[in-house]
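Each chain, letter by letter, is given below.
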Amino acid sequence: MTMREGILLFPRPARRSPPALRLRVVGMGALALLIFQAACKREERGFRVQPPSASAAEGSRMTDFQPGPRTPESPVKNEYEDNAYALSEGKRLFQEYNCSGCHFNGGGGIGPALMDDEWLYGDKPENIFETIVEGRPNGMPSFRGKVPDYQVWQLVAYVRSLSGQVGSNAAPGRSDHMQTSSPEQSRPRESPKLSGKPR
Amino acid sequence: MFFQDLSGAHSSVEPATPQAGRIANLWWVMFYVSVAVLALVTAALIYAVFRRRSAREQTAPVDLSPNTNRERKATRAAAVALAVTIAILFVLLGLSFTTGRAVSFLSNESPLEIKAVGHRWWWEFQYVDPVPSRGFITANELRLPQGRQIVLTLTSNDVIHSFWAPNLMGKKDLIPGQESRLIFRPEKQGVFRGQCAEFCGFQHAQMGFLVLVESDGDFSDWYNHESQQAVQPSNDSEKRGRQVFLSSTCVMCHTIGGTPANSNIGPPLTHLASRTSIAAATLTNSRENLAKWVTDSQKIKPGNRMPPNVLGPENLDDLLNYLTSLK
Amino acid sequence: MINERSKPGKAHIETATLDVERDRAELERSWETRPGFIGWLTTTNHKSIAIRYIVTAFIFFLFGGILAALMRIQLARPRSEFLGPDAYDQVFTVHGSTMMFLFAVPIMTALGLYFVPLMVGTRNVAFPKLNAFGYYVYLTGGILLYLGLLSNTGPDTGWFSYVPLSGPDFAPGKRVDIWAQMITFTEIAALVAAVEIIVTAFKMRAPGMSLNRIPLFVWAMVVTAFMIIFAMPAIMLASSMLATDRLTGVSTHFFNPAEGGDALLWQHLFWFFGHPEVYIIFIPGTGIVSTLIVTFARRIAFGYTALVLSLISTGFIGFGLWVHHMFATPLPQLGQSFFTGASIMIAIPSGVQIFCWIATLWLGKRLELKTPLLFVLGFVFTFVIGGLTGVMLGSAPLDLQVHDTFFVVAHLHYVLIGGAIFPLFGALYYWFPKWTGRLMNERLGKLNFWLMLIGFHLTFFPMHQLGIQGMPRRVYTYLPETGWGALNLLASIGAAVLTAGVIAFLINVFWSRRHGAPAGDNPWNSDTLEWATSSPPPSYNFLYIPTVRNRYPVWTVEPDTPVVAGLRTDVREALVTHTITAAPDHRYELPNSSIWPLVLAAATAVTFIGVIFTAWAIPIGAALTFIALVGWFWPNSEPAALEAERHRSLPTGDGLSLEQQT
């Protein structure tokens, strides 16, 4: 029982041709970058981050109806819509600042529903921003000066997630309260349309 | 100010209550027993390794049939060691049981009942009074009368926290959806510090609180004062400061009793100026710290729920005058 | 298959001449791993797979160590701004998860996967393809966690991830989902290793190695494997429940008190696993210590039966302690008292082991203080301290003060590093010659040991005091006024010394691979069967399966000790024996190299990584898994007669017999 044997612990891999190897590395690197970029945006926890500033919402239109040829405008992109932390903060603020007092958990009541496809004052981020900051006729208070800009943008992102406008990876999951409706991440996407009928 | 040196203010071995005292006694017993056991085991190990072996012990390369006499002696010694170990463990077990009963004992006398609610990342303390209008809510600072039995009922508003003031008692978790309880009787006056002891997010590390144990008279004075509404502003600057408060973000989250500010998201500020610390026992309560906190709390406690507030210098000045007047 | 001719305990021994050269050549051919990358991917050799586990786990150990160094840099000074709270939270969570799930358990099971077949005298583990699958699944889990950390998606709620903090309401994004799925991968791998170890140790032992003759290391691994099987399902359940609470379209309410769930349910489920988990890490360490002490004392173990019974009772009692992690919750006090009792009583079997080991050393020959033995001595001292603080923590009222403080951090590192890592390093020095054929450098080894010992105590001893003085766990910073700065600085300096020790180890490994003294088969003159074959062992482990007459086969080998001859050498075949007596029972064909473990692991990866994002990953993954399993189990076609011939049972005159070795 005293034979002397040896095996290679790591049999050397066959040398692959250089171009194929390079291609593989580059391909995997590109894929990794893509994953990382998406993940980084979703997972960023910004505490002192500058959101799209209030001026981004200036000049927002509530309707495309214009005299003469339509002037194209660059849409305002709310970075927070890709950010899970901002959306969950928006959800928390929605309850704490008592938006739910009138809009309930998106189903509406005293105020209009936010989880359906009807938007009285525009569904774009800049429209919703104006709605919150300026207030609207028939009962929407103006929160200018009371809610800081970056929190308004978090609320804007959350409001859009109520009707499924936000990707399900970043949208909030179920809350630790009694369940009132399906969590935002599972809401089907409603196609927004402007309805002109305030209550 | 007391913030100079907190080292005795949160120590489990400087008990200020009989409950913490019993636990500290248990600690010392276990500590000394452990030192003795460690010393014995280490000595045995060192001897075992370095003992001089006789020439006879070196002969055979491997000891396959050991000397039965020595084996018997060794077995006896091991059995004795085991018996001693079991005996010590049972004694310690018994001490644990008696200590456990002592620290959870609720005596017949009527206690001071306080309800603590954990938030991310501050402490809400509700003083429950049999006359409801005399009860009040304060934050981050607990004042207790010396010598009285305290029953602290604990729950949480969001995630699990843990209330721990080492000088006063062991810790108890604050679990959402459940209520837990701590019973203790502070017997030494002084200022003690506690901290959240269950990881609860970004600012778990700086979710502290202070406990001030005072004489009965001082405590009653404080209690009566806390039941009152906020002090009215006494000069123009303070009036303007109140106006700044009511027209800025402050009003969305804070309560100042007697004003329209009535929100429960953040700590109540009705008697802010009478507190020894701010920002959950992170900063001494001074005008300068208050200014830093109000304008950019994210710098001091990144991730906490208070937003930065950009205020013009005059507005800030007036606001600070008002806040520092809220005794 | 058993027929009436095989009587346990009676073997037919004949004297014959063995054609050693022909047998060796054929075994080499049938057991070889194909060269090249494909061969590497498809191997089913338990030794290759175990070395992979060990190397991978050690790399994760280094990553976890880097994270620990980051933490110590941050905590060295009060209010340091080196790491913000978000970064620190991810660092300590991934540090704990790495060390517990990606390093400690895999490396211990890997030592079992390498040495249990060798120590019981067989050719491979019972299910070689499953073994390969386990490694790939483990690797996937580890890569998942670190890709998460590098993309800012590292979990940040602690290695035990309490709800509601880790629930969907307070842990937005995918960080906790990555943690939950990493758990799934690593637990599958652990369960695979456990099954391998149990079946191999119970059914494939060399003839004559009855249960009361198996080495103490094998006993330790068997107890560990049983603990894995009973403990892992609890956390797989818990992490799956957490995952479904968070999953789009599913959104269960297991941990939502408002809808009938319970935040404490998580803690019970987690700690029902979590407490046995630490014994799963510690018990293999005791197996290593028993092995090393017997070798270095050069005498039989004192109290073999007591040691085995201690292992088994530790394994049992370990399942009755979990609530001691929950003493600060509002559970009824009477219930908590039972767990105080159990937590204190578990010190008894550990004490028995310590006494037996000290007795073995005491009664043994003059001890050569080589590096493995130094690590054993370091273990005894350090683990006893950890055990004593464990008794303190087991006492509910005292735990109310020190729970969730740095006192616990000190305790856990004392028992895990002292109780498992010091023995592990001793094992690495001890078995390195068996793996590579070369001894490690003694001087570097001693330097390694002393740096690690001193660095460890300098780092973690002050933490006891910090806990008593009020410093809670998982804090990214602390106020200067607390007075905790001095001890924290001392701990950070200790961490630097400890790091230097690990670096010394790495240097030693790389140097010794090239320049280490040649080891021969049995440089330590040890008694277990892995030293009865070459260093490193051939792919088939033993040319002929040995037989065993007592507990110390290598020490008592005679020129006429029988071996088993007649196992086929043209296919991979091993001997299955009776569970208790190890009398030969039947032959068992083992599979050749196969790509299907990798394919199944890929299907598993798609399933569990996909489920982080969508519930559709379950049906899709199930379909892929089905395909992979079909490939895995696809039967080989072969003539029926050949198959029948191979499944005949033993022993007499049927071609399988115990031969006297010539």
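Further up the page is the structure itself.
Even after reading the chapter, I still don't get the overall build of chain C, so can you show me in this structure?
Each helix and strand in chain C was counted, giving 19 helices and six strands. For chain C, the C-alpha radius of gyration of 25 Å lies close to 26 Å, the compact-globule estimate for 662 residues. Principal axes of the C-alpha set define a box for chain C whose edges measure 80 × 60 × 50 Å. For chain C, buried positions account for 68% of its 662 residues. Contacts spanning at least 24 positions in sequence make up 82% of the contacts within chain C whose residues lie at least 6 apart. A total accessible area of about 20900 Å² is found for chain C, and carbon and sulfur atoms account for 69% of it. Considering chain C, the positive charge centre built from 40 side chains and the negative charge centre built from 39 side chains are found 7 Å apart.

Explanation requested: the interface of chain B and chain A in the structure shown.
Put simply, an interface is often sized by how much accessible area is lost when its parts join up. On the chain A side, the residues contacting the 17 residues of chain B number 16 residues. Per-residue buried area on chain B facing chain A is highest for Phe202(B), Met252(B) and Arg305(B); these three make up 38% of the total on that side. Between the two partners, chain B and chain A, sit two salt bridges. Remark: the boundary between chain B and chain A carries three residue pairs in polar contact (both at pLDDT 80 or more). Breaking the side of chain B that touches chain A down by element, the ones donating at least two residues are helix 4 (236–247), helix 5 (250–253) and helix 7 (297–300) of chain B.

Looking at this model, I keep getting lost on the packing of helix 5 (residues 128–150) of chain C against helix 6 (residues 175–203) of chain C. Mind explaining?
Relative orientation and spacing of two packed helices are given, respectively, by the angle between their axes and the distance between those axes. All names here are of chain C. At a closest axis distance of 8 Å, the pairing of helix 5 and helix 6 adopts a crossing angle of 160°. If you check the angle between helix 5 and helix 6, you find them roughly antiparallel. Where helix 5 crosses over helix 6, the handedness of that crossing is left-handed. Along its contact with helix 5, which presents Pro128, Leu130, Asn131, Phe133, Gly134, Val137, Tyr138, Thr140, Gly141, Leu144, Leu145 and Gly148, the element helix 6 presents Ile178, Gln181, Met182, Phe185, Thr186, Ile188, Ala189, Val192 and Glu196.

Mind showing me how you'd approach the pairing of strand 9 (residues 190–196) of chain B here?
It is a general feature of regular strands that their side chains alternate between the two faces of the sheet. Residues and elements named next belong to chain B. With respect to burial, strand 9 is a largely interior element, five of its seven residues being buried. Of the strand pairs in this sheet, strand 6 (residues 161–164) and strand 9 are connected by two bridges, and their pairing is antiparallel. Bridge pairing in strand 9 links Trp164 to Gln195. Bridge count between strand 9 and strand 10 (residues 208–214): six bridges; the pairing is antiparallel. Along strand 10, the bridge assignment pairs Gln195 with Gly208.

In this structure, what is going on with the environment of Thr569(C)? I would like to understand it.
Residue and element names in this part refer to chain C. With respect to the secondary-structure elements, Thr569 resides in the loop between strand 3 (562–565) and strand 4 (573–577). In the structure, Thr569 is positioned 538 residues away from Trp31 in sequence and 8.9 Å away in space, judged by C-alpha atoms. Thr569 has contacts with Asp23, Glu26, Leu27 and Ser30, leaving out every residue within four places of it along the chain. Here the side chain of Thr569 touches Glu26 through a polar contact of 2.6 Å, side chain to side chain.

I tried to follow the interface of chain B and chain C on my own but got confused; where do I start?
Residue-level contacts link 89 residues of chain B with 84 residues of chain C. Summing both sides of the interface, chain B and chain C together bury roughly 7400 Å²; the carbon and sulfur share of this comes to 69%. Counting the contacts that link chain B with chain C gives one salt bridge. Among the ionic pairs, Arg299(C) bridges to Glu71(B), the shortest N-O distance being 2.7 Å. For the pair chain B and chain C, the number of links is 20 residue pairs in polar contact (both at pLDDT 80 or more). Looking at the side of chain B that touches chain C element by element, the count peaks at 18 residues for helix 2 (residues 68–103) of chain B. Here the side of chain B that touches chain C is composed, by residue class, of 49 nonpolar, 24 polar and 16 charged.

Help me out: how do you make sense of the nonpolar core in this one?
Where a protein is soluble and globular, its nonpolar side chains tend to be buried together. One finds Tyr127(B), Phe163(B), Leu111(C) and Trp431(C) to be the most contacted residues of the largest nonpolar core, which totals 270 residues. Counting residues per element, this core draws most heavily on helix 4 (residues 85–120) of chain C, at 22 residues. Ignoring any residue separated from it by four or fewer positions in sequence, one finds Leu111(C) in contact with Ile54(C), Val116(C), Phe217(C), Ile288(C), Leu424(C), Ala427(C), Trp431(C) and Trp435(C). If you look at the next biggest cluster of nonpolar residues, it comprises 32 residues, including Cys99(A), Phe129(A), Tyr150(A) and Val166(A).

Whenever I open this one, a nonpolar patch on the surface confuses me. Can you help?
Residues and elements named next belong to chain C. A cluster of nonpolar residues, Val606, Trp616, Ile620, Leu624, Phe626, Ile627, Val630 and Trp634, forms a patch on the protein surface that exposes about 890 Å² of accessible area. In this structure, Phe626 sits in helix 18 (residues 617–633). Look at Phe626 and you get exposed, because its relative accessible area is 58%.

Sorry if this is basic, but what is going on with the pairing of strand 4 of chain C here?
All names here are of chain C. Burial analysis of strand 4 places five of its five residues in the buried class, which makes it a mostly covered element. By the alternation rule, side chains of strand 4 split into Glu573, Leu575 and Thr577 and Ala574 and Val576, which are all buried. Pairing geometry for strand 4 and strand 5 (residues 584–589), over five bridges, is antiparallel. Each residue of the ladder has a partner; that of Leu575, found in strand 5, is Arg587. What sits between the antiparallel neighbours strand 4 and strand 5 is a turn of six residues, in which Ala582 has the positive phi angle 60°.

What is the right way to read the environment of Ser239(C) from this model?
Residues and elements named next belong to chain C. Take Ser239: it is sitting in helix 7 (residues 216–246). Remark: the alpha-carbon pair of Ser239 and Met182, spanning 57 residues in sequence, is separated by 9.5 Å. Sequence-distant contacts of Ser239, defined by excluding residues within four places in its chain, comprise Ala180, Ile183, Thr184 and Trp266. Of note is the side chain of Ser239, whose polar atom sits 3.3 Å from the backbone oxygen of Met236.

Which parts of the structure should I look at to understand the sheet that holds strand 1 (residues 112–119) of chain B?
To summarise the sheet geometry, strands pair through backbone hydrogen bonds and adopt either a parallel or an antiparallel arrangement. Residues and elements named next belong to chain B. Spatially, 3-2-1-5-8 is the arrangement adopted by the five strands of the open sheet, whose pairing is mixed. The sheet is open, and its two borders are formed by strand 3 (136–139) and strand 8 (180–184), each paired with just one other strand. Here the average twist between neighbouring strands, direction ignored, is 25°. The sheet strands contacting helix 3 (residues 216–227) are strand 1, strand 2 (122–127) and strand 3, and the helix crosses strand 3 at an angle near 105°.

Explanation requested: helix 4 of chain C in the structure shown.
Counting along an α-helix, one turn takes 3.6 residues, and residues three or four places apart therefore face a common direction. All names here are of chain C. Taking 1.5 Å per residue as the helical rise, helix 4 with its 36 residues ought to reach 52 Å, and the 50 Å between its terminal C-alpha atoms agrees with that figure. At Thr98, helix 4 shows its maximal kink, close to 35°. Among the 36 residues that make up helix 4, 35 are buried, leaving the element largely enclosed by the rest of the structure. At the exit of helix 4 stands Gly121, carrying a positive phi of roughly 80°.

Conventions and cut-offs
- Residues numbered from 1 in each chain as written.
- Chains lettered and ligands numbered in written order.
- Predicted model: local features only at pLDDT ≥ 70, side-chain atom pairs only at ≥ 80, totals over all residues.
- Heavy atoms only, no water.
- Helix = DSSP H or I, 4+ residues; strand = E, 2+ residues; numbered from the N terminus.
- Rg over C-alpha atoms; globule rule 2.2 N^0.38 Å.
- Buried < 20%, exposed > 50% of the residue type's maximum accessible area, 1.4 Å probe, protein only.
- Contact = heavy atoms within 4.5 Å.
- Areas by Shrake-Rupley, 256 points an atom, 1.4 Å probe, with all protein chains shown as cover.
- Lys, Arg positive; Asp, Glu negative; His and termini not counted.
- Charge placed at Lys NZ, Arg CZ, Asp CG, Glu CD.
- Buried area = accessible area lost by both parts, 1.4 Å probe.
- Salt bridge = Lys/Arg side-chain N within 4 Å of Asp/Glu carboxyl O.
- Polar contact = N/O pair within 3.5 Å; in protein donor to acceptor, adjacent residues only side chain to side chain.
- Axes fitted to C-alpha atoms, helices over the stretch in contact; angles between N-to-C directions.
- Parallel < 35°, antiparallel > 145°, perpendicular 65-115°, else oblique.
- Left-handed = near helix turned anticlockwise from the far one by under 90°.
- Pairing = 2+ DSSP bridges.
- Nonpolar A, V, L, I, M, F, W, Y, C, P; charged D, E, K, R; others polar.
- Core = buried A, V, L, I, M, F, W, Y, C linked by side-chain atoms within 4.5 Å.
- Patch = residues over 30% accessible without salt bridge, like charges linked within 9 Å, V, L, I, M, F, W, Y side chains within 5 Å.
- Expected span 1.5 Å × (residues − 1).
- Bend = angle between axes of the 7 residues up to and from the residue.

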